[in-house]
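Now for the letters of each chain:
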Amino acid sequence: MPIVGITDVSQKSFDYVVVGGGTAGLTLATRLSEDPSLSILVLEAGEANLDDPKIVMPGQFAQTFMNPKYDWGFMTTKQKHSNDQQKLWARGKGLGGSSGMNFYCWVKPPAADIDAFEKLGNPGWNWADYQKYSMKSETFHAPSKEITDLYPHTFDLSLRGTSGPIQTTIPSHISTVDAIYQQTVVNKGLKTIKDPYGGDITGTWMASVNLDPKDWSRSYSASAYLRPNLTRKNLTVLTEAFVTRVLFGDTTDSQDLTATGVEFLYNDKVYAVKANKEVVLSAGAIKDPQILELSGIGRADILSKIGVDLKLELPGVGENVQEHHFFGISFELNPNTPHETFDLMADPTYAEEAKRLYALGKGLQRTAIASFSYFPVSAANPKDTPAIIDKLEEEVKARDAKGELPAGLKEQLDIQIAVLRDDTLPDCEIAAFPGFFTSSSKPEPGKSYITILPMVNHPISRGTIHAVSKDAKDHPEMDPHYFECDTDLEIMVQQFKFARSFADVEPWKSAVVREVDPGPLVQSDEEIRDYIKNTHSSTWHTAGSCSMLPRNKLGVVDPQLKVYGTTNLRIVDISIIPLHIAAHTQATAYVIGEKAADIIKSGL
């Protein structure tokens, strides 16, 4: 049914109450509603935001960030290993969640990263299963002749979905800039990947995006899963409903908790709704642990501190947090070769013309980030990589011997160290942004730029997310512990040097005039480290805060995504990822939503 008002929900009962109408939440709710005998309610804290041009029109990178209509605007604690800086953790608010504000990159991880889920105690969570659900979520459109005439794209249709809700395609892109970058990294020794959607991403390649080529609009969970199915009578959506806690029935000490519904705020008044079968948290990796703690589930010391009665001690809640982060190196392009980069959008007249052309299915507004490289750190520095890994391994052994590692972490770190030693698997990521995307300097009008964005994908550092008070409106405390393990910073340093070495390689050598940020004043390792600490940013891919792990290894959910110690409370979003993946996370969020729907249906 259409998006409803409070009287259609308050004190009513639904079979499934889904908390959070984001990427995974809407995927799950829509799939469950395929069974007409089930009633599903989605509670979303943000507004509907359907058909909003700030969301559906691409080419507006980060334009919704820090706008409370679209973004939660979370901030981390001061990071002591990052010069005491606080970092913005932008997160989508409104139907679609972060799938409505991300940079629409469609990236899947290496098969080994998903198979690691199974190794950590989660039967059935492996690459073969992942690929099945990923292909179920998408419909791939081969690139148009307009695009292939400009760049020789390759793809394997057997690795792409053909009938899923999310529309993906190879995008319109800045072919001149991408050609420079791609040929440069191949000349540096990276292999070209024909199609990175089959579990092998180690090399360099052109990505797909979740845009619908019919009109070049963003294809995301609200437009692709929810919108076509809003007429279903058994699917109810209430927006601006801020969930504060899960409600439970009375139990004895030996019984598992049974969720009976949720409490939420609507226009600052408290309401409740009943769940006949299950409550599902899909509020994201930042809000999920807070909701659990305000519901009485989590670490006893945390709940005592905020004055919430403990109903279920589950020490893994809000722990094992892992976050991708990146920094930028910007370069000015040689003006002798014309490039239509995003820098042109800084001119208001050009930007208005781009919007006019977009309505006709043309122009720069359709463009995306397309160039990606994933590679082992040994590709950046073969000489020093063994010593970097050996140092990490010795540190892990020493911490383990002293009993300093939380339960289960040694097993995760052993997998991460094995990946670092395996030259067929990626530790590093570079995305090539066709424009100026650093913050230390400002771009000069009329000039074109390319920004290299190196990223940490398998962080060794582990963070925490916890509630700070009983007030659900208070943002939780987010402490990613950036660079607490120096290996994370050292891998970024090696990527910095790798990117800077492009200056000696064609076609980069002829195509680039100068490095802008950080520029020639940053030379020593300490100067590079300081630049990274001061300028790195979240990649907005937080995972692990409600990890799918055995309970005695700080797990929060089991392989069926059910919260330990409960009979009918699940978590369905990327907070359940136990060990972070080398990929931008939205494709994986859809997989989790699709798989969760089948898990739930199989138990009916």
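What comes next concerns the included structure. (Residues numbered from 1 in each chain as written. Predicted model: local features only at pLDDT ≥ 70, side-chain atom pairs only at ≥ 80, totals over all residues. Heavy atoms only, no water.)

To continue, consider the overall build of the protein chain. Counting its regular elements, the protein chain contains 17 helices and 27 strands. In terms of overall size, the protein chain behaves like a compact globule, its C-alpha atoms giving a radius of gyration of 23 Å where 604 residues would be expected to give roughly 25 Å. Based on the C-alpha atoms only, the size of the protein chain along its principal axes is roughly 75 × 60 × 40 Å. Every one of the 604 residues in the protein chain was classed for burial, and the buried ones make up 63%. Contacts in the protein chain between residues at least 24 apart in sequence constitute 74% of all its contacts with a sequence separation of at least 6. (Helix = DSSP H or I, 4+ residues; strand = E, 2+ residues; numbered from the N terminus. Rg over C-alpha atoms; globule rule 2.2 N^0.38 Å. Buried < 20%, exposed > 50% of the residue type's maximum accessible area, 1.4 Å probe, protein only. Contact = heavy atoms within 4.5 Å.)

Another aspect to go through is the layout of surface pockets. What the largest pocket holds in volume is close to 700 Å³. Forming the boundary of the largest pocket are 28 residues, of which Phe342, Asp343, Leu344, Met345 and Ala346 lie nearest the centre. Contributions of two or more residues to the lining of the largest pocket are made by helix 2 (53-56) and helix 10 (348-358). Broken down by element, the residue count for the lining of the largest pocket peaks at three residues, all from helix 10. By residue class, the composition of the lining of the largest pocket is 15 nonpolar, seven polar and six charged. (1 Å grid on protein atoms, 1.4 Å probe; cavity = no way out; pocket = protein on both sides within 12 Å on 5 of 7 lines; lining within 4 Å. Points joined across faces, edges and corners; volume = space filled by probe spheres on them. Nonpolar A, V, L, I, M, F, W, Y, C, P; charged D, E, K, R; others polar.)

Glancing now at the environment of Met455. Counting through the fold element by element, Met455 comes out in strand 22 (residues 449-456). When the C-alpha atoms of Met455 and Val262 are compared, they prove to be 38 Å apart, with 193 residues separating the residues in sequence. The contact partners of Met455, leaving out residues within four places of it in the chain, are His325, Phe326, Asp427, Cys428, Glu429, Ala431, Gln495, Thr539 and His584.

Moving on: the packing of aromatic side chains. Within this structure, the stated rule accounts for 32 aromatic pairs. Summarising the aromatic geometry, the rings of Trp72 and Phe74 are spaced 5.7 Å apart at their centres and angled 5 degrees between planes, so their arrangement reads as stacked. Per residue, the accessibility class of Trp72 equals that of Phe74, and both read buried. The ring of Trp72 carries the charged tip of Lys93 above its face, separated from the ring centre by 4.9 Å. Over the ring of Trp125 we find Lys595; its NZ or CZ atom is 4.8 Å from the centre of that ring. (Phe/Tyr/Trp six-rings, centres within 6.5 Å; stacked < 30°, edge-to-face > 60°. Lys NZ or Arg CZ within 6 Å of the ring centre and 35° of its normal.)

Summarising burial for helix 8 (residues 284-294): ten of the eleven residues are buried, a large majority. Inspection of helix 8 places Ala285, Ile286, Lys287, Asp288, Pro289, Gln290, Ile291, Leu292, Glu293 and Leu294 among the buried residues, and these make up the whole buried set. Positive backbone phi, at 95 degrees, marks Gly296, one or two positions downstream of helix 8.

This paragraph deals with the pattern of salt bridges. A complete count under the given rule lists 37 salt bridges for this structure. A salt bridge links Glu353 to Arg356, with the nearest nitrogen and oxygen atoms 2.7 Å apart. Highlighted residues: Glu353 and Arg356, both in helix 10, separated by three residues, approximately one helical turn. The exposure class of Glu353 is partly exposed, given its relative accessible area of 33%. Its salt-bridge partner being Glu395, residue Lys391 comes within 2.9 Å of it at the nearest N-O pair. Residue Lys391 and its partner Glu395 are both found in helix 12 (residues 385-401); the two are separated by four residues, about one turn of the helix. Judged by relative accessible area, Lys391 falls into the partly exposed class, the value being 47%. The exposure class of Glu395 is partly exposed, given its relative accessible area of 30%. Among the charged side chains, a salt-bridge network with shared partners connects Arg31, Glu34, Lys136, Glu594, Asp598 and Lys601. (Salt bridge = Lys/Arg side-chain N within 4 Å of Asp/Glu carboxyl O.)

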